[in-house]
Amino acid sequence: MANATTRVQLTPAELLRYREQGYLVPAFRLAADRVAALQAALVQVIEANPGVRQESLRCAHIVENNPDGIRGHPAFLDLALDRQILDLVESAIGPDIIFWGCQIFCKPGEIGLAVPWHQDGQYWPIRPLATCTVWIALDRVGPDNGCMRVIPGSHTCQTVFRHHENRDANLALIQELDEDQFDADTAVDIVLEPGELSLHDIYMVHGSAPNTSGRRRAGVALRYMPSTSLFDRGLKGRPDDTRSANFGDRPIWLARGVDRHGGNVFSVEHGQ
Ligand SMILES: O=C(O)CCC(=O)C(=O)O
């Protein structure tokens, strides 16, 4: 395994798989002590936010002045700006990288909510649509505890398919893809050990089942866009549902390179 200073890159075969399938589980994984520290940070975030559904720990990297109203932990900002994670992202989207989102999807045992089938691009204020999500497992995740499921190749036409609103309280997200827009029979489970991670493209169709098992299923999703796109705060107002994000007031970070678009605003309070 690479140590914490080695430069990591997707291999050409991994990159090809990411491009063709829209997702990838690379060989890279976080060291066990890092995972243990993140698991401890997650416990602190859960304790600090007793009224918040654990599947919706949005902006978990921001401690003070969190636009989504939760109290986060700096360990998740360190993770998001980690050199090796950024190396992986650079392989996928190039050297100019904006880190713009971090959400912990923690499904408690037995009562963990489902995430409906969706494409992220359907509700994200990024133009043109572009983002690579790095989803890092903090627990062992598999079909029994509601791991993420993807539809391989569903990103290829670079189209946002038809969605509808679903306010069912058993769902962690209110946007749901219409059933006739994809074939759920082709879904693949993303099975990961703690510290392993997957990457997925903004057009990728994905979701996850409820966690009815006796064990927790936690992962942290880090969102990175190439700086050729604009994080357009004007596109979304303050949400009326706790399962939606407040994109308008969200701080974003130029994690690597320069702002190629030129219009991205980094002056929103970073809150650390
Ligand atoms: O954690 C999950 O089950 C869903 C994650 C997800 O929808 C995302 O990272 O975009």
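About the criteria used
Residues numbered from 1 in each chain as written. Predicted model: local features only at pLDDT ≥ 70, side-chain atom pairs only at ≥ 80, totals over all residues. Heavy atoms only, no water. Core = buried A, V, L, I, M, F, W, Y, C linked by side-chain atoms within 4.5 Å. Buried < 20%, exposed > 50% of the residue type's maximum accessible area, 1.4 Å probe, protein only. Helix = DSSP H or I, 4+ residues; strand = E, 2+ residues; numbered from the N terminus. Pairing = 2+ DSSP bridges. Contact = heavy atoms within 4.5 Å. Near = heavy atom within 4 Å. Polar contact = N/O pair within 3.5 Å; in protein donor to acceptor, adjacent residues only side chain to side chain. Areas by Shrake-Rupley, 256 points an atom, 1.4 Å probe, with all protein chains shown as cover. Nonpolar A, V, L, I, M, F, W, Y, C, P; charged D, E, K, R; others polar.

### Some thoughts on the nonpolar core
At step 1: In this structure, F76, I85, V134, I136, V220, L222 and Y224 are the most contacted members of the largest nonpolar core, which totals 42 residues.
At step 2: Among the nonpolar cores identified, the runner-up in size contains 29 residues, and V150, A172, I190 and M204 belong to it.

### Comments concerning the pairing of strand β4 (residues 115-119)
At step 1: With five of five residues buried, β4 lies mostly within the body of the structure.
At step 2: Taken together, the three bridges between β4 and strand β12 (residues 205-208) define a ladder with antiparallel strand orientation. In the sheet register, H118 faces β12, and the bridge partner there is H206.

### A word on the environment of A187
At step 1: With respect to the secondary-structure elements, A187 resides in the loop between β9 (175-177) and β10 (188-189).
At step 2: A187 gets classed as buried once you look at its relative accessible area, which sits at 17%.
At step 3: For A187 and S91, which are 96 residues apart along the polypeptide, the C-alpha to C-alpha distance reads 25 Å.
At step 4: Not counting the four nearest positions on each side in its chain, A187 is found in contact with W117, R149, V150 and I151.

### Structural notes on the site of the ligand
At step 1: Taken together, F105, V115, H118, D120, W135, M148, H200, H206, S208, R217, A221 and R223 are the residues near the ligand.
At step 2: At 2.6 Å, a side-chain N or O of S208 approaches an oxygen atom of the ligand.
At step 3: In this structure, an oxygen atom belonging to the ligand sits 3.0 Å away from a side-chain N or O atom of R223.
At step 4: Relative to its unbound accessible area of 290 Å², the ligand is 99% covered by the protein chains.
At step 5: Those elements that place two or more of their residues in the shell around the ligand are β4, β12 and β13 (217-226).
At step 6: Looking at the shell around the ligand element by element, the count peaks at three residues for β13.
At step 7: Its residues assigned to classes, the shell around the ligand shows five nonpolar, four polar and three charged.

### A short note on unusual backbone geometry
At step 1: Here the amide bond leading from R127 into P128 is cis, since omega sits at -10°, within 30 degrees of zero.
At step 2: If you trace the backbone, P128 turns up in the loop between β5 (126-127) and β6 (132-137).
At step 3: Notably, Q158 is not glycine yet its phi reads approximately 50°, a positive angle.
At step 4: Turning to its location among the elements, Q158 is positioned in the loop between β7 (148-150) and β8 (163-165).

### Observations concerning the environment of A60
At step 1: With respect to the helices, strands and loops of the structure, A60 is situated in the loop between β2 (57-58) and α3 (74-80).
At step 2: A residue is classified by how much of its surface remains accessible, and A60, at 0% relative accessible area, is buried.
At step 3: Note: C-alpha distance between A60 and D232 (172 residues apart in sequence) is 21 Å.
At step 4: With residues up to four places along the chain from it excluded, the contact list for A60 reads I70, G72, H73, F76, C102 and I104.

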